[in-house]
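Okay, here's what each chain looks like letter by letter:
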Amino acid sequence: MSCTPLSAEALKDFACAVYQQAGVPPADADLAADALLQADLWGHQSHGLLRLGWYYARLRSGAMKGVTRLQTVIDAGAVSVLDGNDGVGPVIAHQATEEAVRRARAHGVGIVSVRHSNHFGTCMYFTRQGALQNCAMLMMSNGGPNMAPWGGLQKKIGTNPWSIGVPAGKHAPMIMDIANSGVARGKIYLANNRHEPIPANWAVDAQGNPTTDPKEALKGFILPMAGHKGYAIGVMVDVMSGVLSGSGFQDQVHGPYDPVNRSRAGHFIMALNIDAFQPIAEFQTRMEAYIASLKSVPVAAGHDTVYYPGEIEAEADVRHRVNGLLLPADTLSALEQVGYEAGIAWRDFVRPVDSSNHSSP
């Protein structure tokens with residue numbers, strides 16, 4: 001880990017500059033940089049600035065287009081199909097989420113299917129976006145294969161994340177964001193960067209043997225969560241994201257780690273206008289009661305409190321914005337390298353947080 005907490009805003013400015021150097025327009029670069037930084041602020045470093053170099057390599061090769069041109073393929077009332085034309089993943093996902101919310105306001109439900117997109121980071125960045133506009137959100141995406149079909153020894157299924165997000169009254173939105181593997185592939189990359197072993201139930205090596213070595217895990221297969229159940233959910237997310245949208249599926253999809261091939265990732269986004277079900281004020285009150293009930297149970301040994309889904313991330317965000325971010329040394333080296341490749345001086349952008357301001361909020 002870095003010894004000195006770094007300014008979150010300065011890190012975002014650096015990422016934004018890298019994106020712009022690769023041909024991404026300023027507003028889109030700001031959004032893409034914010035999506036990466038937000039993952040770090042939430043404590044999900046596997047999906048944060050660790051990935052900037054991967055995205056930059058894809059932009060340089062043309063596998064991901066710097067200028068995003070989102071095209072409406074089907075406009076059918078509550079339903080829309082969009083073609084991302086290989087644009088910047090977070091930009092496509094943001095626009096598609098706004099489209100789902102707009103259609104939900106008009107029809108009670110808005111469903112947007114996206115083809116030919118790219119990896120966009122964390123799903124919860126976008127389900128939160130809709131939840132803050134008083135919608136209940138469902139989002140899923142397929143990805144490059146890193147899991148074998150149950151009982152097989154060939155990569156066919158991605159970790160294929162999905163997220164549900166709802167507003168929660170006086171609280172930060174309640175958000176579930178999970179992959180269908182036991183762990184996101186990015187966490188294995190992060191363990192590799194930290195030179196740390198991984199749990200034996202995260203992955204197997206290329207021969208199907210359990211391993212605690214992240215390098216061997218990256219050569220092998222990530223294990224599904226809950227055994228065959230996680231495999232089945234991963235398959236259905238692939239169907240809803242890739243097959244339904246007319247995008248790639250299974251090993252037709254290439255992840256952010258691939259610098260040269262089109263991603264062909266697909267997404268499925270559904271927004272429900274809560275006001276179509278009940279007045280939003282009533283829903284907010286009921287959510288506050290729901291959370292209060294969750295927190296009313298006795299706290300188990302080894303735990304400080306009971307958290308609702310998304311609360312840990314919300315607290316981490318506040319803390320990291322005040323106290324700064326500590327990033328693994330290998331991640332910092334990778335960022336410095338991408339700055340060198342982009343002709344951007346890493347040290348000119350990145351600065352430590354003023355130690356006099358360090359305090360828990």
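Treat the numbers as computed from the prediction; the structure is a model and nothing was measured. (Residues numbered from 1 in each chain as written. Predicted model: local features only at pLDDT ≥ 70, side-chain atom pairs only at ≥ 80, totals over all residues. Heavy atoms only, no water.)

**As for helix α2 (residues 26-41)**
What counts is decided by this rule: Numbered from the N terminus, helices here are DSSP runs of H or I no shorter than four residues, and strands are runs of E no shorter than two. Here the expected span of a helix is defined as 1.5 Å times the quantity of residues minus one. Accessibility here uses a 1.4 Å probe with only protein chains present; expressed as a share of the type maximum, an area under 20% marks a residue as buried, one over 50% as exposed, and anything in between as partly exposed.
The terminal C-alpha atoms of α2 lie 22 Å apart, and with 16 residues this matches the ideal 22 Å at 1.5 Å per residue to within 8%. When you tally the buried positions in α2, you get 13 out of 16 residues, the bulk of the element. Of the residues trailing α2, Gly43 is marked for its positive phi of about 95°.

**Thoughts on a nonpolar patch on the surface**
Test applied: Here the term patch refers to residues with relative accessible area over 30% and no salt bridge, with like charges joined within 9 Å and nonpolar side chains (Val, Leu, Ile, Met, Phe, Trp, Tyr) within 5 Å. Here the Shrake-Rupley method, with its probe set to 1.4 Å, supplies the accessible areas, and only the displayed protein chains count as covering residues. Only one rule defines a salt bridge in this text: a Lys or Arg side-chain nitrogen within 4 Å of an Asp or Glu carboxyl oxygen.
Residues Met236, Val239, Val243 and Phe249 make up a contiguous nonpolar surface patch of roughly 320 Å² in combined accessible area. By secondary structure assignment, the location of Val243 is in helix α8 (residues 228-243).

**Concerning the domain arrangement of the protein**
Rules: For every domain, the bounds stem from an assignment made automatically or drawn from a database. Here, residues are in contact when the closest pair of their heavy atoms is within 4.5 Å. Note on terms: buried area is the combined drop in 1.4 Å-probe accessible area of two parts once they are placed together, counting the loss on both. Pairs of N or O atoms are called polar contacts if they sit within 3.5 Å, as long as, within protein, a hydrogen donor faces a hydrogen acceptor (for residues adjacent in sequence, only side-chain-to-side-chain pairs).
Taken domain by domain, the protein holds domain 1 (8-64 + 312-348) and domain 2 (183-223). The gap between the C-alpha centroids of domain 1 and domain 2 is 24 Å. Contacts between the two partners involve ten residues from domain 1, matched on the other side by nine residues from domain 2. Both sides of the domain 1 and domain 2 interface together cover about 720 Å² of buried area, and 61% of this is carbon and sulfur. When the area that domain 1 buries against domain 2 is broken down by residue, the three leading residues are Ser46, Leu50 and Asp330, summing to 50%. On the surface where domain 1 and domain 2 come into contact, there are zero salt bridges. Remark: the boundary between domain 1 and domain 2 carries three residue pairs in polar contact (both at pLDDT 80 or more).

**Some thoughts on the packing of aromatic side chains**
Which entries qualify depends on this criterion: Only Phe, Tyr and Trp rings take part, Trp by its six-membered ring, and two of them pair if their centres are within 6.5 Å. Stacked means planes under 30 degrees apart, edge-to-face means over 60, and tilted covers everything else.
For the coordinates displayed, the defined rule picks out seven aromatic pairs. Ring geometry for Phe120 against Phe126: centres 5.2 Å apart, planes inclined by 70°, an arrangement best described as edge-to-face. Each ring, one from Tyr189 and one from Tyr257, has its centre 4.9 Å from the other, and the planes form 20°; the classification is stacked. In this pair, Tyr189 sits in helix α6 (residues 185-194) while Tyr257 sits in the loop between α8 and β9 (265-273), placing the two residues 68 residues apart along the sequence. With relative accessibility at 18%, the residue Tyr189 sits in the buried group. An aromatic cluster is present here, built from Phe14, Trp346 and Phe349 joined pairwise through their rings.

**Let's talk about the pattern of salt bridges**
Under the criterion given, the structure shown has twelve salt bridges. Between Lys12 and Asp30 there is a salt bridge whose closest N-O contact spans 3.3 Å. Linking Lys12 in helix α1 (residues 8-21) with Asp30 in helix α2, this pair joins segments that are 18 residues apart in sequence. The exposure class assigned to Lys12 is buried, which follows from its relative accessible area of 11%. We classify Asp30 as partly exposed; its relative accessible area is 35%. Residue Lys295 pairs with Glu311 through a salt bridge whose shortest N-O separation is 2.8 Å. Of the two residues, Lys295 sits in helix α9 (residues 280-295) while Glu311 sits in helix α10 (residues 311-323), which places them 16 residues apart along the sequence. Residue classification places Lys295 among the partly exposed positions, given a relative accessible area of 30%. A single network of salt bridges, built from pairs that share partners, joins Asp75, Glu99, Arg102 and Arg103.

**A short note on the packing of helix α3 (residues 52-61) against helix α11 (residues 329-342)**
Defined as follows: For helices, the fitted line uses only the C-alpha atoms of the stretch in contact; every axis is such a line through C-alpha atoms, and the angle between N-to-C directions lies from 0 to 180 degrees. We call two directions roughly parallel when the angle between them is under 35 degrees, roughly antiparallel when it is over 145, roughly perpendicular when it lies between 65 and 115, and oblique otherwise. Throughout, a crossing is termed right-handed when the near helix is turned clockwise from the far one, and left-handed when it is turned anticlockwise from it by less than a right angle. Side-chain classes are defined by residue name, with Ala, Val, Leu, Ile, Met, Phe, Trp, Tyr, Cys and Pro counting as nonpolar, Asp, Glu, Lys and Arg as charged, and the others, Gly among them, as polar.
Across the interface, α3 lies against α11 with an axial gap of 9 Å and an inter-helix angle of 25°. By the criterion of interaxial angle, the relationship of α3 to α11 is roughly parallel. For the pair α3 and α11, the sense of crossing is left-handed. Only Leu335, Val338, Glu341 and Ala342 of α11 make contact with α3, whose side of the interface consists of Leu52, Gly53, Tyr56 and Arg60. Partitioning the contact of α3 with α11 into residue classes produces five nonpolar, one polar and two charged.

**Observations concerning the sheet that holds strand β6 (residues 171-178)**
One key point about sheets: their strands pair by backbone hydrogen bonds, in either a parallel or an antiparallel sense. We count it as follows: Think of it this way: DSSP has to see at least two bridges between two strands before they count as a pair.
Across the sheet, which stays open at both edges, the seven strands sit in the order β1-β2-β3-β9-β4-β5-β6 with mixed pairing between neighbours. Here the strands that pair on one side only, and so sit at the sheet edges, are β1 (71-76) and β6. Mean inter-strand twist for the sheet, computed between neighbouring axes without regard to direction, equals 15°. Judged from the five bridges that link them, strand β2 (residues 79-83) and strand β3 (residues 109-117) form a sheet pairing that is parallel. The residue bridging Leu82 from the neighbouring strand is Val114, located in β3.

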